[in-house]
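# Secondary and tertiary structure notes
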Amino acid sequence: MQVSRKVQGLGYAAPTALFVAVFFLLPLLLVGQMSLSDWPLLAGDRGANAPENYTDVTDGTLFWPAVRFTLLYTAIVTVVLLGLALLLALLVQESRPGAGFYRTVYFLPGALGLASASLLFWGLYSPTTGPLSRLPQHLGLADDPVSFLGTPTSALLSTVFLVVWKFAGFYMLILLVGLQRIPHEVYEAARMDGASRAQTFRSITLPLLRPSLALSLLLCVTGSLLAFDQFFVLTKGGPDNSTVTVVQLIYREAFQRMDLGTAAALSIVVLAALLLLNALQFRGLRHADES
């Protein structure tokens, strides 16, 4: 019976294990080999050249600016997105008339693909045909159409607005599930003890919502560090390479400079940084739970 259960368990796990091996482990090994080789896009493997690809990554003129911009973008998006998502979750937490409608409306942008949403906002931001760029002019607040993507700061903030609009409902749903798992008896006991709304939120809601906040933080930070679609569609890294992210740099190395070796080395560096960051996040959350 024990042998039969083990064989049955292996049978259940085999499809997933095969999927992971074919679509993750083998490509990862290939990327590792590329990162240690001179591997032009159209010529194939020309032999090992380690560690030249890794030194070329850090010596590139766009590497450190791309790292700084990606970290800045991640910090802004994480704070704004999770703050707004928590506010929306608190607003629709109670079962009242219309709550289901507002939950659906807030979540609806999340059903749109990121590339499609970026293309939509590119049209809205367009200084020639976009309604948003001409709105300040029609209101008498500007003499000319506003160029939302014309300066580094405006391009960053415009992209942040797109991402917040797109994902606020998704993270609201995660936090809403966490809020609804908090027993109402805890809030009733706090009200009987004379606790204010601020005290209840600080001492009850936030501590009991920590697992949902941790999941949201992990997903938001990881997704922001891997940002590509929104900047590729909206800004193409401009103006003047001011909005180039690390993943865009990988794309440029691979498909514009035709150097798969350097692109693979940069991919390995990004993967190692993500693993380290996620490990630090899990460790910090574990210490917070223990304390």
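Note that the coordinates shown come from a computational prediction; the quantities given were computed from them, not determined experimentally. (Residues numbered from 1 in each chain as written. Predicted model: local features only at pLDDT ≥ 70, side-chain atom pairs only at ≥ 80, totals over all residues. Heavy atoms only, no water.)

### Concerning the confidence of the model for the chain
- Confidence along the chain averages 89 in pLDDT terms, with 97% of residues attaining 70 or more.
- Within the chain, helix H3 (residues 63–91) carries the highest mean pLDDT (95), whereas helix H6 (residues 131–138) carries the lowest (82). (pLDDT = per-residue confidence, 0-100. Helix = DSSP H or I, 4+ residues; strand = E, 2+ residues; numbered from the N terminus.)

### A few points about a nonpolar patch on the surface
- On the surface, Leu-18, Phe-19, Val-20, Val-22, Phe-23, Phe-24, Leu-25, Leu-26 and Leu-29 cluster together into a nonpolar patch covering about 930 Å² of accessible area.
- Looking at where Leu-25 falls in the secondary structure, it is placed in helix H1 (residues 2–35).
- Since its relative accessible area comes to 43%, Leu-25 is described here as partly exposed. (Patch = residues over 30% accessible without salt bridge, like charges linked within 9 Å, V, L, I, M, F, W, Y side chains within 5 Å. Areas by Shrake-Rupley, 256 points an atom, 1.4 Å probe, with all protein chains shown as cover. Salt bridge = Lys/Arg side-chain N within 4 Å of Asp/Glu carboxyl O. Buried < 20%, exposed > 50% of the residue type's maximum accessible area, 1.4 Å probe, protein only.)

### Brief notes about helix H5 (residues 114–125)
- For H5, spanning twelve residues, the distance from its first C-alpha to its last is 16 Å, which sits close to the expected 16 Å at 1.5 Å a residue.
- Residues of H5 that are buried include every one of Ala-117, Ser-118, Phe-121 and Tyr-125, and no others. Along the axis of H5, the buried residues cluster in a sector spanning 100 degrees; they form a single face.
- Residues of H5 that are buried sit in contact with H6, helix H7 (152–180) and helix H11 (229–234). (Expected span 1.5 Å × (residues − 1). Arc of directions from axis to C-beta. Contact = heavy atoms within 4.5 Å.)

### Description of the pattern of salt bridges
- In the structure shown here, the tally under the stated rule is one salt bridge.
- For the salt bridge of Arg-257 with Glu-253, the shortest nitrogen-to-oxygen distance reads 2.9 Å.
- Given a relative accessible area of 59%, Arg-257 falls into the exposed group.
- Overall, Glu-253 belongs to the buried group, its relative accessible area being 11%.

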